[in-house]
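Single-letter residue listing:
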Amino acid sequence: MRNKILFFFLSLCVIVNAQTVYSAFQGKCGAELKQAIAENCRPQKYLSKLTGAGGVWEAFRLTDNLGGCVLDRYSNEKRSFSADGVSPSTGMTVDCIVNVSWWGNSHEYGDAIAFDLYNLIPCDDDVTLNKKDYPPGDVLVATYDNGVWQAGYGEIAEEEVNMYEPADEYKGDFARSLMYIMTIYSASRWSGLGVNFCVDNNYPTLNKYAQRVLLAWHRADPVSDIELTRNDAVEKLQGNRNPYVDNPQLAEHVWGTEAYNPFAPDAERVPLKSTYRLSDERIDLFHDAIPENVSWIINGAEVTKSYLIPAELGVGEHELKYSGQTIKGKLKIKIVE
């Protein structure tokens, strides 16, 4: 882990956030926001096969290509793409991040879940054998561990449950993929081990354990260049984007600390600066030099929202600290009459 201490005068920085703005989400939160995402972020088209021209493995050359090698989030091994470009490399297969068995035999999505590229990633053959239909979670007793990811037993609602845990560097990637899948493909009745992770079709769909784990992973592992590149590539192939990658704060407004506060696109947020007036409406905790999903502390107290109210802080100088998986720092802001 690398820590980078930043000390800067934010009053000199007024930078426009480049994330995609989803106007359809404006002013919504909780169940209403989740529904708006489901209605506006569905794939426009799907691939229909795993191999061959126009199949998933050909798509992986665009979506999961790391310098000419297959990006396998379950292994540190480097594998080249197959010579024909449309079939799996030796020893590799396709993993469904959310196992299609969770939806049972009767649902309205047909094969869509099995061919949505946001639910598909390349992996070693042994992944599907050991991961099975397990939900993600905090593994307490590992029955399989290759040094990158593990499968085994965890605890949900005081019951022992089979689950898998990805590598720390990809936990945010998995969380945002899972949030997308659970938003786009909600179901009225879950099957298999999915019943340990999801409630039902009604909001919030994810149970308390699932919300806690996914939000923790989402916050600890911010969006990476790999995710952004993949989002662009998948959009070219199926015409939609994962909104939780473009706007990480959406997760907070659906399930997290902002679930009762209306979502405002980044374009409407004002980057942090050094001085505010007591009469200002709010202080937005964001800046392009600071990753989304960091934890904030103001004057020694934890901040649970994405903004501060100047009138609640009072006139004077206040110290802000932030920390994430790869960065931490502090800065001072002043509130004047």
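Computed from a predicted structure; not experimentally measured. (Residues numbered from 1 in each chain as written. Predicted model: local features only at pLDDT ≥ 70, side-chain atom pairs only at ≥ 80, totals over all residues. Heavy atoms only, no water.)

A. Structural context of the packing of aromatic side chains. For the structure shown, the criterion picks out ten aromatic pairs. A ring pair is formed by Y74 and F174, whose centres lie 5.7 Å apart and whose planes are at 80°; its orientation type is edge-to-face. One end of the pair, Y74, is in the loop between β2 (69-70) and β3 (79-80); the other, F174, is in helix α5 (residues 171-184), with 100 residues separating them in the sequence. Judged by centre distance (5.9 Å) and plane angle (55°), the ring pair of W102 and F197 falls under tilted. With W102 in the loop between β4 (92-96) and α3 (112-115) and F197 in the loop between α5 and α6 (208-220), this residue pair connects regions lying 95 residues apart in the sequence. Taken as a pair, W102 and F197 share a single burial class, namely buried. Here a set of aromatic residues connected by ring pairs shows up, and it is made of Y74, Y144, W149, Y164 and F174. Here the basic side chain of K131 rests over the ring of Y164, its NZ or CZ set 4.6 Å away from the ring centre. (Phe/Tyr/Trp six-rings, centres within 6.5 Å; stacked < 30°, edge-to-face > 60°. Helix = DSSP H or I, 4+ residues; strand = E, 2+ residues; numbered from the N terminus. Buried < 20%, exposed > 50% of the residue type's maximum accessible area, 1.4 Å probe, protein only. Lys NZ or Arg CZ within 6 Å of the ring centre and 35° of its normal.)

B. Layout of empty space enclosed by the protein. Scanning the model with the defined rule gives one cavity of 30 Å³ or more in all. As a volume, the largest cavity reaches approximately 160 Å³. Contributing to the lining of the largest cavity are 14 residues, with R73, D173, S177, E227 and R230 lying nearest its centre. Looking at the lining of the largest cavity, the elements with two or more residues in it are α5 and α7 (225-238). Tallied by class, residues from the lining of the largest cavity come to six nonpolar, three polar and five charged. (1 Å grid on protein atoms, 1.4 Å probe; cavity = no way out; pocket = protein on both sides within 12 Å on 5 of 7 lines; lining within 4 Å. Points joined across faces, edges and corners; volume = space filled by probe spheres on them. Nonpolar A, V, L, I, M, F, W, Y, C, P; charged D, E, K, R; others polar.)

C. Main features of the packing of helix α2 (residues 56-63) against α7. As a packed pair, α2 and α7 sit with axes 9 Å apart at the nearest point and diverge in direction by 140°. The pairing of α2 with α7 is recorded here as oblique in orientation. Helix-helix and strand crossings are classified by hand; for α2 and α7 the assignment is right-handed. In contact with A59, F60, L62 and T63 of α2, α7 contributes R230, A233, V234 and L237. In terms of residue class, the contact of α2 with α7 is built from six nonpolar, one polar and one charged. (Axes fitted to C-alpha atoms, helices over the stretch in contact; angles between N-to-C directions. Parallel < 35°, antiparallel > 145°, perpendicular 65-115°, else oblique. Left-handed = near helix turned anticlockwise from the far one by under 90°. Contact = heavy atoms within 4.5 Å.)

D. Here's a closer look at the environment of N119. When you line up the elements, N119 lands in the loop between α3 and β5 (120-124). Taking the relative accessible area as the measure of exposure, N119 reaches 0% and is therefore buried. Put simply, N119 and M182 are 63 residues apart on the chain and 11 Å apart in space, counted from C-alpha to C-alpha. If we skip the residues at most four places from it in the chain, N119 touches D95, C96, I97, V98, I113 and I181.

E. How the structure looks around the sheet that holds strand β11 (residues 295-298). If you trace the five strands from one edge of the open sheet to the other, you get β9-β15-β14-β11-β12, paired in mixed fashion. Of all the strands in the sheet, just β9 (275-277) and β12 (301-302) have a single pairing partner and so form its edges. Alignment of strand β14 (residues 316-323) against strand β15 (residues 328-336), held across eight bridges, turns out to be antiparallel. Bridge assignment links E319 to a residue of β15, and that residue is K332. (Pairing = 2+ DSSP bridges.)

F. Representation of the side chain of R176. For R176, the position within the fold is in helix α5. A polar atom in the side chain of R176 sits 2.8 Å from the side chain of E227. Ignoring any residue separated from it by four or fewer positions in sequence, one finds R176 in contact with H218, D221, P222, V223, E227, N242, Y244, V245 and N293. (Polar contact = N/O pair within 3.5 Å; in protein donor to acceptor, adjacent residues only side chain to side chain.)

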